[in-house]
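# Secondary and tertiary structure notes
Each chain, letter by letter, is given below.
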Amino acid sequence: MEVHFQILITCFILIVLAHTWKLLNSMYLKPKRLEKLLRRQGFKGNPYRFPYGDLKEYGQALQQLMSKPLSLDDDIKPRAMTFAFNTMEKYGNESFFWQGPKPSVIITDIALIKEVTLKHSVFSKPTTPNPLTSLFAPGVVTLEKDKWAKHRKIINPAFHIEKLKLMVPAFNLSCEDVLSEIENKMSPEGVCDVDFWPYLENITSDAISRTAFGSSYEEGRRIFELQKEQADHVLAALRTIYFPGSRFLPTKRNNRMKEIESQVRPIVRALIDRRVNAIKAGEAINPDLLGMLLESNFQEIEQHGHKSFGMTIDEIIEECKVFYFAGQETTSTLLSWTMVLLSKHQEWQKRARDEIYNVFGKEKPNYEGLSQLKTVSMILFEVLRFYPPVVALLRHVTEEIKLGKYTLPKDIGLNIPVLWLHHSREFWGDDAMEFNPERFRDGVAKAVKGSGMFCPFGWGPRICLGQNFAMVEAKAVLSMILQRFTIELSSSYTHAPRLIFTLQPQHGLHLTLRRI
């Protein structure tokens with residue numbers, strides 16, 4: 001009996017020692033080893049501080065920045081990309097910062113950026129140690145290798161340009177409902193002060209509901225609200241250190257993240273099941289994103305004769321969650337900063353309106369007309385340059401690899417600072433920090449010195465599938481707004497871009513609208 005007890009005690013001690021060693025290695029020894037390798041190659045950064053790295057210092061800096069609004073002419077980079085910006089200001093472009101025990105190397109050299117984005121099997125999308133963050137939307141955006149290729153192939157037909165033509169009436173309908181609501185709130189003189197941000201969220205949520213699921217905003221609103229809340233929890237989790245096993249603790253955040261997932265999944269599942277049952281009953285497939293996704297999935301399975309070549313229902317649910325959040329978020333933020341910049345630059349607002357009237361008069365937009373809006377396209381490109389939805393492309397090194405003159409060790413992060421590239425005078429000229437849509441008159445290629453310096457939707461094989469969807473929707477919504485109203489910044493507007501997953505107006509989008 002005593003021998004057995006001693007064996008159990010010994011096993012327990014060995015298990016504790018093994019876990020202690022693993023924790024010590026991952027939280028201290030490995031970071032110090034990686035730091036030594038990076039410094040040996042000329043990279044500069046703060047020394048590793050156990051266990052937070054730079055999270056505390058930059059977290060405090062970010063909190064301080066968020067407490068103060070900006071003027072419209074202020075540089076947004078300190079607020080929008082605090083970690084990378086502060087590091088580059090302190091150590092230059094060949095530098096790194098610490099996200100907890102993991103170093104992230106900043107990449108600004110165009111040749112290296114191209115290589116990183118093209119070799120996506122080695123430079124993968126980053127994963128987080130906290131498994132709960134995967135509850136948000138782990139679809140094609142985060143998948144890797146064969147699984148990513150399969151999902152991308154199945155989803156791609158849904159975003160073909162011919163399919164997008166069918167979606168413009170849905171964009172118009174979503175916009176019409178919201179703009180009519182605003183008109184009803186106007187004074188007898190046709191003037192209204194309004195926080196336009198919730199209205200933009202309504203327009204784009206309704207549009208993604210109609211185009212993705214064939215339903216109205218009322219049916220899809222709960223998905224949007226829950227996914228938006230989940231995004232806040234995920235971002236908070238990413239900014240804190242994750243200790244192994246802590247996801248099982250019954251903390252308020254952990255419980256709420258699990259609760260949101262348990263609410264979102266049945267709603268999306270019901271939408272999919274309803275559609276699958278209709279298809280099995282011989283009904284025509286709806287020409288929306290979900291219908292086209294299911295059709296493409298069925299064709300892939302039928303072509304290869306086995307369901308393993310298609311996506312499972314659970315995988316389709318995850319892709320729908322991505323559709324819903326990314327489709328709504330990207331367009332609403334693009335439109336919000338377009339409103340801000342057109343309010344500040346009234347001459348460009350007038351040029352855009354004149355072009356819209358020239359093409360559509362007071363009729364609703366159609367796809368053919370939207371493709372003729374050259375000035376509007378130039379404006380949207382310039383807004384995307386100033387306020388890209390994604391301020392940085394993040395990658396993870398999966399194996400030791402040579403990149404240019406560097407040998408990058410496994411398990412470090414890479415940060416491609418999109419916002420910094422978009423604001424660089426080296427690539428955009430002396431007026432890089434001025435709003436000048438004219439630079440895009442002859443297209444993106446001639447607007448910038450160096451291909452790839454304009455990447456608001458990513459770059460390389462993993463460029464965002466929905467970029468054309470976002471641009472068509474933004475053109476349609478902007479056209480309808482400018483057909484009805486002139487827009488100015490309200491006296492209550494506070495300029496405070498903040499990064500959630502995309503750049504959003506922290507204190508809303510307070511505008512003065514005047515009926516035309």
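Residues numbered from 1 in each chain as written. Predicted model: local features only at pLDDT ≥ 70, side-chain atom pairs only at ≥ 80, totals over all residues. Heavy atoms only, no water.

### So, the sheet that holds strand E9 (residues 485-489)
Definition in use: By definition, two strands form a pair when at least two bridges between them are found by DSSP. Working definition: helices are DSSP H or I runs of at least four residues, strands are E runs of at least two. Numbering for both runs from the N terminus. Lines fitted to C-alpha atoms define the axes here, with helix axes fitted over just the stretch in contact, and angles between the N-to-C directions of these axes take values from 0 to 180 degrees. Residues are treated as being in contact if the distance between any of their heavy atoms lies within 4.5 Å.
The strand order E4-E12-E9 describes an open sheet built from 3 strands, whose pairing is antiparallel. Of all strands in the sheet, those bounded by a partner on one side alone are strand E4 (191-195) and E9. Put simply, the sheet's adjacent strands are angled 25° from each other on average, direction ignored. Looking at chain direction, E9 and strand E12 (residues 510-515) are connected through 5 bridges and run antiparallel. Counted as the bridge partner of Thr486 is Arg514 from E12. Relative to the sheet, helix H13 (residues 313-344) contacts E9 and E12, its axis offset from that of E9 by approximately 85°.

### A closer look at unusual backbone geometry
Quick note on the threshold: The buried label applies to any residue whose accessible area, calculated with a 1.4 Å probe on protein chains only, is under 20% of its type's maximum; exposed applies above 50%, and partly exposed to all values in between.
Residue Phe50 is joined to Pro51 through a cis peptide bond whose omega torsion reads -10°. Its place among the elements puts Pro51 in the loop between helix H1 (2-40) and helix H2 (55-66). Within the chain, Lys145 stands out as a residue other than glycine whose phi angle is a positive 55°. Position of Lys145 among the secondary structure elements: in helix H6 (residues 145-155). Look at Lys145 and you get exposed, because its relative accessible area is 52%.

### Let's talk about the packing of aromatic side chains
Defined as follows: Note on aromatic pairs: the rings of Phe, Tyr and Trp (six-membered ring only in Trp) are paired at centre separations within 6.5 Å, and the planes decide the class, stacked below 30 degrees, edge-to-face beyond 60, tilted for the rest.
For the structure shown, the criterion picks out 18 aromatic pairs. The interplanar angle of 80° and the centroid separation of 6.3 Å between the aromatic rings of Phe159 and Phe469 together place this pair among those described as edge-to-face. Linking Phe159 in the loop between H6 and helix H7 (161-165) with Phe469 in helix H19 (residues 467-484), this pair joins segments that are 310 residues apart in sequence. Aromatic pair Phe196 and Tyr199: ring centres 6.3 Å apart, planes at 35°, arrangement tilted.

### Some points on the nonpolar core
To keep it simple, the criterion reads: Residues enter a nonpolar core if they are buried and are Ala, Val, Leu, Ile, Met, Phe, Trp, Tyr or Cys, with the set joined through side-chain atoms within 4.5 Å.
Among the nonpolar cores identified, the biggest contains 143 residues, and Phe123, Phe196, Leu408, Leu414, Leu509 and Leu513 are the most heavily contacted of them. Of all the elements, H13 adds the most residues to this core, at 12 residues. In contact with Leu509, not counting residues within four places along its chain, are Val194, Asp195, Phe196, Trp197, Leu200, Ser336, Met339, Val340 and Tyr493. Listed in part, the 7 residues of the second largest apolar core include Leu132, Leu135, Phe136 and Phe325.

### A look at the sheet that holds strand E8 (residues 413-416)
Across the sheet, 5 strands lie side by side as E1-E2-E8-E5-E3; this open sheet has mixed pairing. Looking at which strands have only one partner, the edges of the open sheet turn out to be strand E1 (96-99) and strand E3 (123-124). In this sheet, E8 lies alongside strand E5 (residues 393-397) in antiparallel orientation, the contact comprising 4 bridges. Residue pairing across strands places Leu393 opposite Ile416, the latter belonging to E8. The strands touched by helix H4 (residues 82-91) are E1, strand E2 (102-106) and E8; relative to E1, the strand with the most contacts, the crossing angle is about 145°. In this fold helix H5 (residues 110-118) packs onto E3, E5 and E8, with an angle of close to 120° to the strand it touches most, E8.

### Details of the pattern of salt bridges
Quick note on the threshold: Whenever a carboxyl oxygen of Asp or Glu lies within 4 Å of a side-chain nitrogen of Lys or Arg, that contact is scored as a salt bridge.
The full count for this structure, using the stated rule, is 35 salt bridges. As a salt-bridge pair, Arg210 and Asp206 come within 2.6 Å of each other at their nearest N and O atoms. Here the residue Arg210 and the residue Asp206 both occupy positions in helix H9 (residues 196-213), the gap between them amounting to 4 residues, near one helical turn.

### So, the packing of H6 against H13
In plain terms, the rule: Angles below 35 degrees are treated as roughly parallel, those above 145 as roughly antiparallel, those between 65 and 115 as roughly perpendicular, and all remaining angles as oblique. Handedness of a crossing is defined here by the sense of rotation of the near helix relative to the far one, left-handed for an anticlockwise turn of less than a right angle and right-handed for a clockwise turn. Under the scheme applied here, ten amino acids are nonpolar (Ala, Val, Leu, Ile, Met, Phe, Trp, Tyr, Cys and Pro), four are charged (Asp, Glu, Lys and Arg), and all others, including Gly, are polar.
Two elements in contact, H6 and H13, have axes separated by 12 Å at closest approach and are oriented at 65°. Comparing their axes, H13 and H6 come out roughly perpendicular. As H6 runs across H13, the sense of the crossing is right-handed. For the pair H6 and H13, contact is made by Lys147, Lys150, His151 and Ile155 and by Glu315, Glu319 and Phe323, respectively. In terms of residue class, the contact of H6 with H13 is built from 2 nonpolar, 1 polar and 4 charged.

Just distances and angles here, no functional claims.
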